[in-house]
Amino acid sequence: MPKYEYKGRVINATEKAYEILYKGRGFKPYEEKAPVDFSTLDATELDEYKVADLKKYLDDKNIKYKSSDNKDDLITLIIVGEGDPDGANGTEDPAATAGE
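Since the structure is predicted, the reported quantities are computational estimates derived from the model, not experimental observations. (Residues numbered from 1 in each chain as written. Predicted model: local features only at pLDDT ≥ 70, side-chain atom pairs only at ≥ 80, totals over all residues. Heavy atoms only, no water.)

> Please explain the sheet that holds strand 1 (residues 3-6) as it appears in this structure.
In sheet architecture, strand pairing relies on hydrogen bonds along the backbone and comes in two forms, parallel and antiparallel. Taking strand neighbours across the sheet as the criterion, the three strands line up as 2-1-3 in an open arrangement whose pairing is antiparallel. Each end of this open sheet is capped by a strand with a single partner; those strands are strand 2 (9-12) and strand 3 (28-29). Across two bridges, strand 1 lies against strand 3 in antiparallel orientation. For Glu-5, the partnering residue across the bridge sits in strand 3 and is Lys-28. (Pairing = 2+ DSSP bridges. Helix = DSSP H or I, 4+ residues; strand = E, 2+ residues; numbered from the N terminus.)

Pasting the structure below:
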């Protein structure tokens, strides 16, 4: 069954239902997008994605982040990479931990 999309919402509908009900409401034929490797993108390109997409990528790569992290924090984690297995990802300040 064909898929149609509107503002990120994907539905299944027959072509007839699409023509009668959904086309006039702004739905367009859904085009399957190839997965994107966020690690190859720069900050400007990553900024075009939703926070949910960034979090999914981080989850898939087992990169820890705080639920309070904003979009810029998530982008920094992606750019820095996996880093330390404890989830620090190289984002900690070495000067702050020098006295420990």
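The discussion continues.
> Looking at this structure, how should I read the packing of aromatic side chains?
Ring pairs (aromatic) are described by centroid distance and by the angle formed between their planes. Counted under the stated rule, the structure contains five aromatic pairs. A centroid spacing of 4.7 Å and a plane angle of 50° characterise the contact between Phe-38 and Tyr-49, whose relative ring orientation is tilted. With Phe-38 in the loop between strand 3 and helix 2 (43-46) and Tyr-49 in the loop between helix 2 and helix 3 (51-60), the pair connects residues that are 11 residues apart, well separated along the chain. Judged by its relative accessible area of 7%, Phe-38 is buried. Since its relative accessible area comes to 25%, Tyr-49 is described here as partly exposed. Between Phe-38 and Tyr-57, the aromatic rings sit 5.1 Å apart at their centres with planes inclined by 35°, giving tilted as the arrangement. Of this pair, Phe-38 sits in the loop between strand 3 and helix 2 while Tyr-57 sits in helix 3, and the two are 19 residues apart along the sequence. (Phe/Tyr/Trp six-rings, centres within 6.5 Å; stacked < 30°, edge-to-face > 60°. Buried < 20%, exposed > 50% of the residue type's maximum accessible area, 1.4 Å probe, protein only.)

> I tried to follow unusual backbone geometry on my own but got confused; where do I start?
When glycine is set aside, most residues are seen to have a negative phi, and most peptide bonds are trans. Positioned with a positive phi, Lys-7 is a non-glycine residue whose angle comes to about 50°. The topology assignment puts Lys-7 in the loop between strand 1 and strand 2. Classification of Lys-7 by relative accessible area gives exposed; the value is 70%. A positive phi angle is found at Asn-62, which is not glycine, with a value near 55°. Locating Asn-62 in the fold gives a position in the loop between helix 3 and helix 4 (71-80).

> I tried to follow the environment of Asp-72 on my own but got confused; where do I start?
Positionally, Asp-72 belongs in helix 4. Since its relative accessible area comes to 52%, Asp-72 is described here as exposed. C-alpha separation for the pair Asp-72 and Asp-47, spaced 25 residues apart in sequence, amounts to 7.9 Å.

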